[in-house]
Amino acid sequence: MDDVQGRTRRSAAAARAVAVIFAAALLGVAAADDVPRSERSQYDVVRGWPRLPPGKSLGEVSGVGVDSRGNVLVFHRNERRWPDSDQLGTEPIREPTVTLLDPRSGQIVAEWGENLFAMPHGLTVDAQDNVWLTDVALHQVYKFSHDGRLLLTLGERGVAGGDSDHFNRPTGVAVAPDGAVFVTDGYRNTRVMKFSSKGRFLFQWGTRGTGPGQFDVPHGIAVDRAGRLYVADRGNQRVQIFEENGGYIGEWSGPRIGRPYDVAVAANGNVVVLDGGDQSERLPQRSGVAILRSDGSFVERFGRWGHREGELATAHAVAVGRDGAIYVGETDAARVQKFLRR
């Protein structure tokens with residue numbers, strides 16, 4: 001069997017056992033025998049992209065997304081860095097934290113987000129080109145218009161909590177085809193929360209642990225056209241797959257998956273999993289991108305640790321354009337890179 005495995009487990013409740021097994025069979029999460037043996041990637045980095053003005057740079061890139069026109073939105077921390085102490089202040093970053101890039105030239109189209117965020121994290125662009133952002137220091141989730149007008153705020157600024165009105169370091173957002181909003185919450189609460197399109201809390205699932213539906217730092221989330229949710233369960237080194245009602249379908253894990261920091265769904269239905277590495281002094285440094293079909297079968301992987309073009313230094317966020325271009329945001333290298341299939 002291949003080392004990328006989708007393992008379907010029975011849920012604890014007998015009433016769900018048959019449904020889980022049936023759903024997993026339909027999804028094919030246990031199938032991994034058709035993995036290609038060649039490890040040669042078909043993706044190349046676009047050198048010299050983006051093209052920033054002289055003296056201009058990005059901060060730690062924590063979020064990346066693509067709008068309906070192919071423009072790339074980058075959520076970064078500008079002059080701020082994640083502190084060694086893990087104590088996050090709430091003073092806003094003075095400079096812009098959202099940068100819009102032309103997908104072809106890589107030039108800056110627009111910037112906004114100054115004096116708003118304290119520790120940027122996740123970025124998602126919905127079907128209407130609204131921009132959803134999370135701030136792990138302020139414990140909030142935001143919905144902005146494409147040009148930076150605040151439309152909706154979830155959570156209480158600077159106040160952590162575990163109830164339906166508060167977050168504790170929320171990490172990512174996924175917006176379903178029907179407008180429902182899913183939030184991974186996140187570093188401390190280890191849960192997924194579902195909201196209506198207007199921001200009304202509906203329900204949640206998840207506790208700390210290693211079993212089905214349990215999490216250890218749910219760090220990123222994406223949804224496909226069929227409504228399946230893919231959660232980057234970073235601490236457990238797996239991607240968990242759920243129905244929109246929180247029903248567990250299956251999981252993917254293994255050396256080719258690594259430690260998922262983020263996940264995105266391509267227009268062709270493939271799922272792009274971002275391996276950010278282990279951040280360990282004992283283990284070799286690693287970053288990479290794995291591509292799987294929605295049935296869990298492996299397509300390919302590319303990327304290696306490093307700061308040169310085409311290498312990845314703590315890959316933190318991933319997005320896929322409609323043309324198949326893959327964009328990766330990095331925290332250690334404080335940059336975003338573009339990869340195209342040959």
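Residues numbered from 1 in each chain as written. Predicted model: local features only at pLDDT ≥ 70, side-chain atom pairs only at ≥ 80, totals over all residues. Heavy atoms only, no water.

Asks: Residues and numbers for the side chain of His-219, please.
Replies: With respect to the secondary-structure elements, His-219 resides in strand S15 (residues 218-223). Side chain to side chain, His-219 and Arg-234 meet in a polar contact 3.3 Å long. Engagement of the side chain of His-219 in a polar contact is seen with the side chain of His-316, the distance being 3.4 Å. Excluding residues within four positions of it along the chain, His-219 makes contact with His-121, Thr-171, Thr-184, Tyr-187, Ala-232, Arg-234, Tyr-261 and His-316. (Helix = DSSP H or I, 4+ residues; strand = E, 2+ residues; numbered from the N terminus. Polar contact = N/O pair within 3.5 Å; in protein donor to acceptor, adjacent residues only side chain to side chain. Contact = heavy atoms within 4.5 Å.)

Asks: Could you give an account of unusual backbone geometry, with specific residues and numbers?
Replies: In this structure, the amide linkage connecting Trp-49 to the following residue, Pro-50, adopts the cis form with an omega of 0°. Here Pro-50 shows up in the loop between strand S2 (43-45) and strand S3 (61-66). In this structure, Asp-86 takes a positive phi of about 70° despite not being glycine. On the secondary structure map, Asp-86 appears in the loop between strand S4 (72-76) and strand S5 (98-101). With a phi close to 50°, Ala-334 is a non-glycine residue in the positive phi region. Among the structural elements, Ala-334 can be located in the loop between strand S24 (326-330) and strand S25 (335-341).

Asks: Now, about the sheet that holds strand S8 (residues 131-135): what can you tell me, with residues and values included?
Replies: Pairing between the strands of a sheet comes from backbone hydrogen bonds, and it takes one of two forms, parallel or antiparallel. Strand order in the open sheet formed by four strands is S7-S8-S9-S10, with antiparallel pairing between adjacent strands. In the strand order of this sheet, the two ends are held by strand S7 (120-125) and strand S10 (150-154), each with one partner. Across the sheet, the axes of successive neighbouring strands diverge by a mean angle of 20°, strand direction being ignored. By the bridge criterion, four bridges tie strand S9 (residues 140-144) to S10 in an arrangement that is antiparallel. The partner of Lys-143 across the bridge, within S10, is Leu-152. (Pairing = 2+ DSSP bridges. Axes fitted to C-alpha atoms, helices over the stretch in contact; angles between N-to-C directions.)

Asks: If you had to explain the packing of aromatic side chains to someone new, which residues and values would you point to?
Replies: Enumeration according to the criterion identifies 17 aromatic pairs in this entry. The rings of Phe-182, Phe-203, Trp-205, Phe-215, Phe-242 and Tyr-248 are connected pair by pair, giving a single aromatic cluster. We note Arg-234 situated over the ring of Tyr-261; from NZ or CZ to the ring centre the distance is 4.6 Å. Arg-256 extends its terminal NZ or CZ atom over the ring of Phe-298, reaching a point 4.3 Å from the ring centre. (Phe/Tyr/Trp six-rings, centres within 6.5 Å; stacked < 30°, edge-to-face > 60°. Lys NZ or Arg CZ within 6 Å of the ring centre and 35° of its normal.)

Asks: An account of the sheet that holds S3 is requested, with residue identities and associated values reported.
Replies: If you trace the four strands from one edge of the open sheet to the other, you get S3-S4-S5-S6, paired in antiparallel fashion. The outermost strands of the open sheet, each flanked by one partner alone, are S3 and strand S6 (108-112). Neighbouring strand axes in the sheet, compared pairwise and without regard to direction, differ in orientation by 20° on average. Note: S3 against S4, five bridges, orientation antiparallel. If you follow Gly-63 over to S4, its bridge partner there is Phe-75.

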